[in-house]
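# Inside the fold
Residue-level listing of the chains:
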Amino acid sequence: TQLLEQSPQFLSIQEGENLTVYCNSSSVFSSLQWYRQEPGEGPVLLVTVVTGGEVKKLKRLTFQFGDARKDSSLHITAAQPGDTGLYLCAGLLYNNNDMRFGAGTRLTVKP
Amino acid sequence: DVKVTQSSRYLVKRTGEKVFLECVQDMDHENMFWYRQDPGLGLRLIYFSYDVKMKEKGDIPEGYSVSREKKERFSLILESASTNQTSMYLCASSLWGREVETQYFGPGTRLLVL
């Protein structure tokens, strides 16, 4: 089992819809990051959240770090085909500073 | 901008061959990492290095070795490739000693072992 569970694993929506993807764990993280990966490319960092309860916005993307620093969510408003990709969360474990990745949510936004 | 490059985007090798995957970063980062990425399993850490000639095993080091002779270069070696090593291999680098560790990734090498 993954230390970081991402859900849903796959998501296919129409352009203009809103969506939320989740990253959950029973472990506490010093920080948590979201990456987007396009086919055939490496992951690219979108955001880092550090404080429990923190909310960060990046244009139409809203990221939230859980109060207990065990989980996070990514909300996309009015999704566009350019948002298509694999969204990965990664956390820096609080107790040993190891970085752990989730398996990702594969998002497809249809025009 | 940080740039991490990997020597090949695609490789096809035969079982038993020795395979070298090269990674170079241009930001003077101390830390470098090798991951493999498989569907449904996410990124799994193979090896990492926090300094020249230093290496540490990650979660799945079996069947792999690494070399870090220069700070900017981190090589992954498959001594005798096997079909279960068919995967996407990602290299990353980061600065040392930061609590908030941002890893910068290369474009990946997709390896097929026949």
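Residues numbered from 1 in each chain as written. Chains lettered and ligands numbered in written order. Predicted model: local features only at pLDDT ≥ 70, side-chain atom pairs only at ≥ 80, totals over all residues. Heavy atoms only, no water.

## What about the overall build of chain A?
Assigned secondary structure in chain A consists of 0 helices and 11 strands. The linear arrangement of helices and strands in chain A, starting from the amino end, is β-β-β-β-β-β-β-β-β-β-β. In terms of C-alpha radius of gyration, chain A reaches 13 Å, essentially the compact-globule figure of 13 Å for 111 residues. Dimensions along the principal axes, computed over C-alpha positions, put chain A at roughly 45 × 25 × 20 Å. A burial count over chain A gives 44% of its 111 residues as buried. The long-range share in chain A, meaning contacts at least 24 apart out of those at least 6 apart in sequence, stands at 55%. Only carbon and sulfur atoms are counted for the fraction: they give 48% of the accessible area of chain A, which is about 5200 Å². In chain A, the 10 positive side-chain charges and the 10 negative ones have mean positions that sit 2 Å from each other. (Helix = DSSP H or I, 4+ residues; strand = E, 2+ residues; numbered from the N terminus. Rg over C-alpha atoms; globule rule 2.2 N^0.38 Å. Buried < 20%, exposed > 50% of the residue type's maximum accessible area, 1.4 Å probe, protein only. Contact = heavy atoms within 4.5 Å. Areas by Shrake-Rupley, 256 points an atom, 1.4 Å probe, with all protein chains shown as cover. Lys, Arg positive; Asp, Glu negative; His and termini not counted. Charge placed at Lys NZ, Arg CZ, Asp CG, Glu CD.)

## What to know about the pairing of strand β3 (residues 19-25) of chain B
Residues and elements named next belong to chain B. Here β3 shows a clear split, with V19, L21, C23 and Q25 buried on one side and none of F20, E22 and V24 buried on the other. Examined bridge by bridge, strand β1 (residues 4-6) and β3 share 3 bridges and lie antiparallel to one another. Looking at β3, one finds that V4 is bridged to Q25. Where β3 and strand β8 (residues 73-78) come together, 6 bridges link them in antiparallel fashion. Across the sheet, the residue bridging to C23 is F74, located in β8. (Pairing = 2+ DSSP bridges.)

## Remarks on the side chain of Q85(B)
Residue and element names in this part refer to chain B. By secondary structure assignment, the location of Q85 is in the loop between β8 and β9 (87-94). Relative accessible area serves as the criterion here: at 5%, Q85 is assigned to the buried category. Beyond its immediate chain neighbours, meaning those up to four positions away, Q85 contacts R36, G63, Y64, L78, S80, L111 and V113.

## So, the sheet that holds β8(B)
Residues and elements named next belong to chain B. Taking strand neighbours across the sheet as the criterion, the 4 strands line up as β1-β3-β8-β7 in an open arrangement whose pairing is antiparallel. The open sheet has two edge strands with one neighbour each: β1 and β7 (65-70). With strand direction ignored, the average angle separating the axes of adjacent strands in the sheet is 20 degrees. (Axes fitted to C-alpha atoms, helices over the stretch in contact; angles between N-to-C directions.)

## Points about the interface of chain A and chain B
Counting residues at the interface gives 21 residues for chain A and 18 residues for chain B. In this assembly, chain A packs against chain B so that about 1600 Å² is buried in total across both faces, 52% of it on carbon and sulfur atoms. There are 2 salt bridges connecting chain A and chain B. Notably, a salt bridge pairs E41(A) with R9(B), separated by 3.2 Å at the nearest N-O pair. Summed over the shared surface of chain A and chain B, the number is 7 residue pairs in polar contact (both at pLDDT 80 or more). (Buried area = accessible area lost by both parts, 1.4 Å probe. Salt bridge = Lys/Arg side-chain N within 4 Å of Asp/Glu carboxyl O. Polar contact = N/O pair within 3.5 Å; in protein donor to acceptor, adjacent residues only side chain to side chain.)

## A few points about the state of the cysteines
Residue and element names in this part refer to chain A. One pass over the full model with this rule turns up 2 disulfides over all chains. Covalent S-S linkage joins C23 and C89, the inter-sulfur distance amounting to 2.0 Å. Taking the sign of the S-S torsion, 75 degrees for the link of C23 and C89, the bridge is right-handed. Residue C23 is found in strand β3 (residues 19-24), and its partner C89 is found in strand β9 (residues 85-93); the two are separated by 66 residues along the sequence. (Disulfide = S-S within 2.5 Å.)

## Details of a nonpolar patch on the surface
Together, V12(B), L112(B) and L114(B) make up an exposed nonpolar region whose accessible area comes to about 260 Å². On the secondary structure map, V12(B) appears in strand β2 (residues 10-13). (Patch = residues over 30% accessible without salt bridge, like charges linked within 9 Å, V, L, I, M, F, W, Y side chains within 5 Å.)

## Observations regarding the pattern of salt bridges
Residue and element names in this part refer to chain A. For the structure on display, the rule yields 12 salt bridges over all chains. Across the salt bridge formed by R100 and D98, the nearest N and O atoms sit 3.8 Å from each other. Its relative accessible area of 22% is what places R100 among the partly exposed residues. Exposure remark for D98: the relative accessible area of 30% places this residue in the partly exposed category.

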